[in-house]
Amino acid sequence: KVGEPEMREQMQVLGRLIERFKRTGVLRFDGPDYQLAKTGLYVMDELALIATHAQANAAADFAQHQITLLQSS
């Protein structure tokens, strides 16, 4: 599906960001992850242009579920 590989990559970036925060107590991107996050913003903007309302709702539900999983780990 369109955008899925890019969003999987963003989830990996988020995982590294969380791990870094746990390790250092500071919420900060490193150089490569900062660039990946910037790319992710572009991809999300492009997906927003082509997504239906139902797709956007499904994506929001998925994102909330992923956040819940991350919070419990």
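Everything quoted here is computed from the prediction, not taken from an experiment. (Residues numbered from 1 in each chain as written. Predicted model: local features only at pLDDT ≥ 70, side-chain atom pairs only at ≥ 80, totals over all residues. Heavy atoms only, no water.)

K.L.:
Looking at this structure, I do not really get the overall build of the chain. What am I missing?
P.N.:
The secondary structure content of the chain amounts to three helices and zero strands. Listing every helix and strand of the chain by position from the N terminus yields α-α-α. Taken along its principal axes, the extent of the C-alpha atoms in the chain is 40 × 25 × 15 Å. Looking at the 73 residues of the chain, the share that counts as buried comes to 14%. Taking as baseline every contact in the chain between residues at least 6 positions apart, the subset at least 24 positions apart corresponds to 53%. For the chain, the computed accessible surface area is about 5700 Å², with 62% contributed by carbon and sulfur atoms. (Helix = DSSP H or I, 4+ residues; strand = E, 2+ residues; numbered from the N terminus. Buried < 20%, exposed > 50% of the residue type's maximum accessible area, 1.4 Å probe, protein only. Contact = heavy atoms within 4.5 Å. Areas by Shrake-Rupley, 256 points an atom, 1.4 Å probe, with all protein chains shown as cover.)

K.L.:
Even after reading the chapter, I still don't get the pattern of salt bridges, so can you show me in this structure?
P.N.:
Close approach of charged atoms allows side chains of opposite charge to pair. Within the structure shown, the criterion is met by five salt bridges. With its nearest N and O atoms 3.9 Å apart, the salt bridge here joins E4 to R8. Of this pair, E4 and R8 both sit in helix α1 (residues 4-24), separated by four residues, roughly a single helical turn. As a salt-bridge pair, K22 and E19 come within 3.8 Å of each other at their nearest N and O atoms. One end of the pair, K22, and the other, E19, are both in helix α1, three residues apart, so they sit about a helical turn from each other. (Salt bridge = Lys/Arg side-chain N within 4 Å of Asp/Glu carboxyl O.)

K.L.:
Any chance you could explain the confidence of the model for the chain here in plain terms?
P.N.:
The predicted coordinates ought not to be read in detail in places where the model reports low pLDDT. Per-residue confidence for the chain averages 90 on the pLDDT scale, and 100% of its residues sit at or above 70. Within the chain, the lowest mean pLDDT, 88, falls on helix α3 (residues 53-72), and the highest, 92, falls on helix α2 (residues 31-50). (pLDDT = per-residue confidence, 0-100.)

K.L.:
I would appreciate a short explanation of the packing of α1 against α2 in the present structure.
P.N.:
Two packed helices can be described by the angle between their axes and the distance between those axes. The geometry of α1 relative to α2 is characterised by a closest axis approach of 10 Å and an angle of 140 degrees between their N-to-C directions. On the basis of the axis angle, α1 is oblique to α2. As for the relative orientation of α1 and α2, their crossing is left-handed in sense. Here E6, M7, E9, Q10, V13, R16 and R20 of α1 come into contact with α2, specifically with D33, L36, A37, G40, V43, M44 and L47. For the contact of α1 with α2, the class distribution of residues is seven nonpolar, two polar and five charged. (Axes fitted to C-alpha atoms, helices over the stretch in contact; angles between N-to-C directions. Parallel < 35°, antiparallel > 145°, perpendicular 65-115°, else oblique. Left-handed = near helix turned anticlockwise from the far one by under 90°. Nonpolar A, V, L, I, M, F, W, Y, C, P; charged D, E, K, R; others polar.)

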